[in-house]
Amino acid sequence: MSPRSTHLREQRQRMASAVRQAHISRRGVLSGAAGVAMLGLLSACGTKGMGGAKPSPAADRSAEEAAVRWSNWTLYLDLDDAGRKHPTLDAFQDTSGLRATYTEDIDSNDTWYGKVQGQLSRGQDIGADIITPSDWMCERLIRQGYVQKLEHANMPNVMANMLPKLKDVRWDQGRYRSVTWQTGFTGLVWNKKAFPQGLRNVEDLWDPRLKGRVTVLDEMRDTMPMMLLDQGIDIAGDWTQTDYENSIDVLDRNIRNGQIRQVKGNSYKEDLISGDVVAAMAYSGDITQLNFENGDQWEFVLPERKGLIWSDNMMVPVGSPHKANAEKLMDYYYDPEIAAEVAAYVNYVCPVLGADEAMKDIDEELVNDPLIFPTDEYLAQSTSERQLTLDEETLFQNMFQEVIGS
Amino acid sequence: MSAPAKEARAVEKVDLRSPEEIRAEKKKGRMGAWLILPGMLYMALFFAAPVVVLLSMSLFVKPEGAELGEFVPGWNFGTYAEVWNRYWPVLLRSFVFALIATVAALIIAFPMAYLVAVRLRGKPLLKGILLVLLIAPFFSSFILRTQAWKQILADEGWIVQTLKAVAILPADGSLTATPFAVICGLTYNFLPFMMLPIYASLERLDTRLLEASGDLYASPAQTFMKVTLPQSMPGVFAGTLLTFIPAAGDYVNAAILGNNRDTSMIGQVIDSRFFKVIDYPGAAALSFILMVCILILVLIYIRRFGTKDLF
Amino acid sequence: MSTTATHESSEFSPVSAGSGADLVLSGISKHFADFTAVQEMDLSIPSGTFIALLGPSGCGKTTTLRMIAGLEAPTSGTITIGGEDMTRLPSHKRPVNTVFQSYALFPHMSILDNVAFGLKQKRDKDAIAKAKAGLEMVELSHLASRKPAQLSGGQQQRVALARALVNRPRVLLLDEPLGALDMKLRRQMQVELKKIQMEVGLTFIHVTHDQEEAMTMADVVAVMNQGRIEQMGSPRELYELPRTAFVANFLGKSNLMEGAVVADAGPAIVVDVAGQRFELLKERAVATEGKIVVGVRPEKMRIAELDKPGFEHAGNQLVGTVTDASFTGVSTEYLVDVPGVGTVGTFTQNLGQDPARPGDKVRMSWEPEYTFGLGADEDLEAGVQAS
């Protein structure tokens, strides 16, 4: 082992023990009058939410207020050609008589969480009745008690049409608190002209010919499982901190030697377009869209050592007073014909049974697109990671941020 | 009359105002107090209180078995030592980048401000057009402008291609994802903050002083150093502060134009501590350290170059 | 057409043309986009002269000064100082300093630094000592460490003067330096400036629109009008023998009358003005034949009630009716309507007499040698408004 990596390892050990030490017992904490006063100020300012008792759900006023508010990611719902209206959502308003407010205000799980965590922890209304975070964030929100339990009886379409594979996720067995919105894959992409040999595994990103033309994602929950998979580790199984450290060493090395140009969020797409980046870790739907808009230049694959499958899920936050309305909307999107319309636009995996049949009427070609209606073999190429413990969540995030220089 | 004599006269002056006048004066004084009240309240609410919150948050403690983001009030000064030891190089880099960007912005902004404010006097149309052209790009979003720089400096862009053609840049070289790109972005994005104060002070520059300087044997270069520059110092001073302070805390440029090796700035770290690692005390402590460092640097700067005794 | 104003030799001239001529402007013109400021000017100023460029605003006097200083480039012509061509030299290379109308003191420097500025630029080792001496000369040593803004207008003016003088320029240019001062301070500074000029013996070129200031201070006055020098000479020469209606009216007051030459009487000519015959010395006339303009200064005239017994009148006479008499203490000013001539002004010193009241018929007279003659094509009102 090189002296550098020894040093890195020591640093990491210190970091891990620091994380453990930070857990001082509650009783040991000095909480003088000043502290209490400060606390009042803090909660008044909404800067910080406290842990402790889980918040209780708000009373449902759906019967009195015919409204539902939905927070989603950008470009994640069908849009008309003028780019102003969402046809399926308008249709929902007409048939249900509910006024739907649609906001594209989630652009990162972390940033969104940082913004609303304080309110959620106090059980306050965050201004949304449906939120759409990713799996791991959903897991965290359920653990923290920040979402409401759903009434299956109100969602017959969901019960009938959700893909069986999705019904029993580890963190929400039986789907009592979440409903899948869209599913996607994290895999590899390359520019077919600039790098005709293509990629088979994450390892191939370290090809010297690609030096400085590679990006990986700044989402730890994407990049690190991909790195672990590349080490031959079953990420759904019982991997250890050492496995994680080995993978992060590889990442660290390739950042330091300039192989990886940048660690990026969603803006990796612009780098692919500008040509600065030739090969990258990427989300499946993005690449379908890129190819559609910029000519068929890129190819997306799941690595031979497997890629990631993930979902963004609709949930009702604890402070929402419109749970029944929210359930109505979720159920609406599990109508196969509606789901097909959305899938034709967003190009992600459709979680609704029968949508492929409905798609035939919209665009025959898309029925055979594995990125929208994946075959079993394609699905077998993907997996997802086991649950992280609280300590792991903090420690691993810490290490990852350290390596990517922030 | 000499100054002391004048003062003596002022002291001797008898208050000849009627009681009504005195009451009116006092009322005016109270009016003044009422007028500054909203400002004071605003500052208390939106500056003083957040700083207190920040300070107290930085001392919070994570209890045993705490949920993510759960911290309780405490006096954990260790957070400061921890983040300082871990991030002082990033802090230092932030200040170095901000300093280079400030100097570069000064070098770029001064001639532009001079052209518009001094050379184009008496040509209001041309002056107006140029001013608008210089300022208009900054009506667009900060993020978009920075993204545009990515395109400008891209590997396939004409700048990189040209530099490669004349062998200034090696064949496998690039400009994006380098410290150079980050500093370029910082310089560009904060240019108006440098230019406008300098423009404002040059606008007031009495060109007759330049003639007088030339008349007294000073060459144009000497006139610039001895008259123009000192006369524009208040603007240069304000401009450098207005550029340096936000540039030191900026993270957008480093995030978009930087790489993840040698361009990280303290703003990125605070962002990741807060949002990704969910280490609120660490983020607060870093913010506070940043604030104190900037305060110290600015105080030194004011001490050394303050405009107080310029006029 | 050129305005050659190397003053016509005359008994009043204190300096003779061409003797050690130091500053020479030849054929200098300055055209701006929309007007001509200076037209084909020739001017020769001997070293050590205190010359005033006098004229109404817009006459080109300041432009002339700025061309000498190098702050404005002439459109054509050359400028030499002591025989060296300065025309293309930038201002900082000319041995010339200016006292600006606005003073243009550097606000960020102390008074002493202001005064030492030029000396330091010339890398004078004794810059500070000389600057201190300069401040002493204008009696402001005690304010050396102040900033300009802390000084009164008069004090700033003296600093500006010291700042220019300490450099011992070959030519010192003063651009309406007293314009911003109040009357009392102005008089005081006029005396001081003149005194300093005599002490240092430098060439001073003083631009002003104040004829009294020009006459009290300058050895030579050049009256400028519309980009040309109308006439140049000593103050007395210009006053006693104006050569144009503009000079006659701008410099003091004149009674100008149109007439025609009717006889030649050897050294003099006889001019008929509205039936009255005046004698005029040929050497005091611009033209001696045909139609001409005859002029006389008001204070040269005597006035008395028509045919007052025992009052001795001089040779040239006019008869008219008093329309206005204003008593000012030391003198009484009269406006007299003369048939065929118009209004004629005159005044008498207060010697206790009371020559006439409005409505009275009066006779006015003056010695023929005070009469001056101008060209026939002169505008009688030229320079009246401007002065």
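To keep things clear, this report deals only with the structure shown in the data block. What you see is a predicted model; the values in this text were computed from it and never measured. (Residues numbered from 1 in each chain as written. Chains lettered and ligands numbered in written order. Predicted model: local features only at pLDDT ≥ 70, side-chain atom pairs only at ≥ 80, totals over all residues. Heavy atoms only, no water.)

In this section: helix H9 (residues 207-215) of chain B. Among the residues of H9(B), those classed as buried are Leu209(B), Leu210(B), Ala212(B), Ser213(B), Gly214(B) and Asp215(B). Positioned one or two residues after H9(B), Tyr217(B) has a phi angle of 75 degrees, which is positive. (Buried < 20%, exposed > 50% of the residue type's maximum accessible area, 1.4 Å probe, protein only. Helix = DSSP H or I, 4+ residues; strand = E, 2+ residues; numbered from the N terminus.)

Let's shift gears to a negative patch on the surface. Residues and elements named next belong to chain A. A cluster of acidic residues, Glu337, Glu341, Asp361, Asp363, Glu364 and Glu365, forms a negative patch at the surface. Counting residues per element, the ones that place at least two in the negative patch are helix H13 (336-346) and helix H15 (364-367). Within the secondary structure layout, Glu365 lies in helix H15. We classify Glu365 as exposed; its relative accessible area is 68%. (Patch = residues over 30% accessible without salt bridge, like charges linked within 9 Å, V, L, I, M, F, W, Y side chains within 5 Å. Areas by Shrake-Rupley, 256 points an atom, 1.4 Å probe, with all protein chains shown as cover. Salt bridge = Lys/Arg side-chain N within 4 Å of Asp/Glu carboxyl O. Lys, Arg positive; Asp, Glu negative; His and termini not counted. Charge placed at Lys NZ, Arg CZ, Asp CG, Glu CD.)

This next bit is on the interface of chain B and chain C. Chain B puts 20 residues into the contact, and the matching count from chain C is 26 residues. Among the residues of chain B in contact with chain C, Asp215(B), Leu216(B) and Tyr217(B) are the three that bury the most area, contributing 38% of the side total. Here chain B and chain C share 1 salt bridge between them. In this structure, the salt-bridge partner of Glu211(B) is Arg66(C), at a minimum N-O distance of 2.5 Å. (Contact = heavy atoms within 4.5 Å. Buried area = accessible area lost by both parts, 1.4 Å probe.)

The assembly contains 2 pairs of chains in contact; the pair sharing the most contacts is chains A and B. Where chain A comes nearest to chain C, the C-alpha atoms are still 46 Å apart, and the two do not contact one another.

Within the largest apolar cluster, 125 residues are counted, with the highest numbers of intra-cluster contacts made by Trp70(A), Trp112(A), Leu141(A), Tyr244(A) and Tyr333(A). Not counting the four nearest positions on each side in its chain, Trp112(A) is found in contact with Ile106(A), Leu120(A), Ile126(A), Ile131(A), Met137(A) and Leu141(A). In this structure, Ala218(B), Val220(C), Ala222(C) and Met224(C) belong to the second largest nonpolar core, which totals 61 residues. (Core = buried A, V, L, I, M, F, W, Y, C linked by side-chain atoms within 4.5 Å.)

By the definition in use, this model includes 31 aromatic pairs over all chains. Plain terms: the ring middles of Phe95(B) and Phe244(B) are 6.0 Å apart, the flat faces sit at 15 degrees to each other, and that makes the pair stacked. Placement of the pair is Phe95(B) in helix H3 (residues 78-119) and Phe244(B) in helix H10 (residues 220-249), with a sequence separation of 149 residues. Phe95(B) gets classed as buried once you look at its relative accessible area, which sits at 12%. Owing to a relative accessible area of 12%, Phe244(B) belongs among the buried residues under this scheme. Ring centres of Phe50(C) and Phe204(C) lie 5.3 Å apart, and the angle between their planes is 45 degrees; this geometry places the pair in the tilted category. Taken together, the positions of Phe50(C) in strand E4 (residues 50-54) and Phe204(C) in strand E9 (residues 203-208) put the pair 154 residues apart, joining distant regions of the chain. Taking relative accessible area as the criterion, Phe204(C) reaches 0% and is therefore assigned buried. When the ring centre of Phe117(C) is taken as reference, the NZ or CZ atom of Lys226(B) above it lies at 5.5 Å. Over the face of the ring belonging to Tyr370(C) we find Lys300(C), whose NZ or CZ atom lies 5.3 Å from the ring centre. (Phe/Tyr/Trp six-rings, centres within 6.5 Å; stacked < 30°, edge-to-face > 60°. Lys NZ or Arg CZ within 6 Å of the ring centre and 35° of its normal.)

Without other data, these values stay purely geometric and don't point to any function.
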